[in-house]
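# Structural features, examined
Given next are the chains, with one letter for each unit.
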Amino acid sequence: MQAVDRVERFSGADRLLDAVQRVIQAAPLGRARDGLHGRWLGHPVHPLLVQVPVGTWLSAALLDVLPGQRRAAGTLVATGLMAAAPAALAGWVDWADCNRPQQRIGFVHAAANAAGVALYATSLGARLRGRHTAGRMLGWAGLTVIGAGGALGGHLAYRQAAGANHAEAVAQPVGPGWHHVAELSDLPHDKPVRRTVADVNVVVVRRPGDAVHMLAEHCSHLAGPLSEGVLEDGCLRCPWHGSLFRLTDGWNVQGPATAPQPAFDTRVTDGRVEARLRR
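Structure report, in brief. Quick caveat, the model's predicted, so the values are computed rather than measured. (Residues numbered from 1 in each chain as written. Predicted model: local features only at pLDDT ≥ 70, side-chain atom pairs only at ≥ 80, totals over all residues. Heavy atoms only, no water.)

## Examining the overall build of the chain
If you tally the helices and strands in the chain, you get eight helices and ten strands. The globule rule puts the C-alpha radius of gyration for 279 residues at 19 Å, and the 24 Å found for the chain is more than 25% above it. Taken along its principal axes, the extent of the C-alpha atoms in the chain is 85 × 40 × 40 Å. Within the structure as shown, the chain displays about 14,200 Å² of accessible surface, and the carbon and sulfur contribution to it stands at 59%. Distance from the positive charge centre (28 side chains) to the negative charge centre (22 side chains) of the chain: 12 Å. (Helix = DSSP H or I, 4+ residues; strand = E, 2+ residues; numbered from the N terminus. Rg over C-alpha atoms; globule rule 2.2 N^0.38 Å. Areas by Shrake-Rupley, 256 points an atom, 1.4 Å probe, with all protein chains shown as cover. Lys, Arg positive; Asp, Glu negative; His and termini not counted. Charge placed at Lys NZ, Arg CZ, Asp CG, Glu CD.)

Okay, here's the thing in C-alpha cells:
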C-alpha cells in the first residue's frame, strides 16, 4: 500500500497523462461515450466487461494443468484477447474523467493489463505453432500480471472510489419530513446556490415563477460542486467533468455520471422554502 500511495503522489508523468487525456477526450465517440461509461446500466460498464477476459484466462490456466485440453485452453485464450479490447476502451474512457491521483494509479493499472494482454497474445501464437509448453508458461505469466493489474483496479474502486456513486449517502443524514432551507427572497433567479439541509449540502435553483429545484450538492460522479455549475435547458452541468443533471428529478441526462443525483421536493410556505428528500 505504501508503494501504491507513492504512485498516487508521483507527478513526474503528469504531462504524459495530460496528453493521453486530451487524445481520449477529443475522440469522436458521440453518444457511444456515455454508453462506454455505463450510463445506460446505472454504474460503470468497465468492471462488467473485464469479467470476460479475466474469466476465460483463469479457466485457460486451469485447463493447462489438465491433460488433453490444449485446444480448449487455446480457445479460451483467444476469446479473452477478443474481449479485452472493448473492456480496455471502456476503461480508458472512464480514466479520462478521473481526478489526477486516480489517473496515476489507473495508468499503471492499464500498463499492467497491456503487458498481460501482450503475454497472452504471445502465448496464443506459441500455441498455434505447436509450442504448447511455452504457451502455457506465457499464459501463467500473463495471468500473474493481469492479477496485479486487477489489484490496482480494486484500489481504484475501493480505496479511491473511482466509479462509485458519491451522492448515495445523502439519504441517511436527511431524515423524513420537511426541512427549512432558505427564505425565498434570499434566492437569486436562475443561479445555482449552495444551502444546507440537515447538515447536507444541497444546490438550490430558483426558476421563473418562483419554482424552486433542489439537488444534492456533490456530483454523483466524483463529488464535484454543482453549485458552481452552469444551467442548461432545465439542467445543471457539473463544473468538473461535465455531467448533466435534470433539475426536476436529478436524472443524469449526460455522463460521465452513471447515477442520478438525489433530488428534493420543495414547497414555499409564508415565504420560506422547505424541502424533503424525494424517495
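Further notes follow.
## Section: the side chain of His221
Mapped onto the secondary structure, His221 falls in the loop between β4 (212-216) and β5 (230-232). The exposure class assigned to His221 is buried, which follows from its relative accessible area of 12%. Not counting residues within four places of it along the chain, the set of residues in contact with His221 comprises Asp97, Ala164, His166, His241, Ser243, Pro256 and Ala257. (Buried < 20%, exposed > 50% of the residue type's maximum accessible area, 1.4 Å probe, protein only. Contact = heavy atoms within 4.5 Å.)

## A closer look at the packing of aromatic side chains
Per the counting criterion, the structure on display carries four aromatic pairs. Judged by centre distance (5.3 Å) and plane angle (80°), the rings of Trp92 and Trp95 are edge-to-face. Residue Trp92 and its partner Trp95 are both found in helix α6 (residues 70-95); the two are separated by three residues, about one turn of the helix. Take Trp92: its relative accessible area is 30%, and that puts it in the partly exposed class. We classify Trp95 as buried; its relative accessible area is 5%. Ring centres of Trp95 and Phe107 lie 6.3 Å apart, and the angle between their planes is 50°; on these two criteria the pair is classed as tilted. One end of the pair, Trp95, is in helix α6; the other, Phe107, is in helix α7 (residues 100-128), and twelve residues separate them in sequence. According to the relative accessible area criterion, Phe107 is partly exposed, its value standing at 25%. Feature note: the residues Trp92, Trp95 and Phe107 constitute an aromatic cluster, connected by ring pairs. (Phe/Tyr/Trp six-rings, centres within 6.5 Å; stacked < 30°, edge-to-face > 60°.)

## Focus: unusual backbone geometry
Each neighbour pair has its own omega, and for Gly255 with Pro256 the value is 20°, a cis peptide bond. Among the structural elements, Pro256 can be located in the loop between β8 (252-254) and β9 (263-269). With a phi close to 50°, Asp190 is a non-glycine residue in the positive phi region. Within the secondary structure layout, Asp190 lies in the loop between β1 (179-183) and β2 (193-197). Notably, Asp210 is not glycine yet its phi reads approximately 65°, a positive angle. As for its position among the elements, Asp210 is in the loop between β3 (200-206) and β4.

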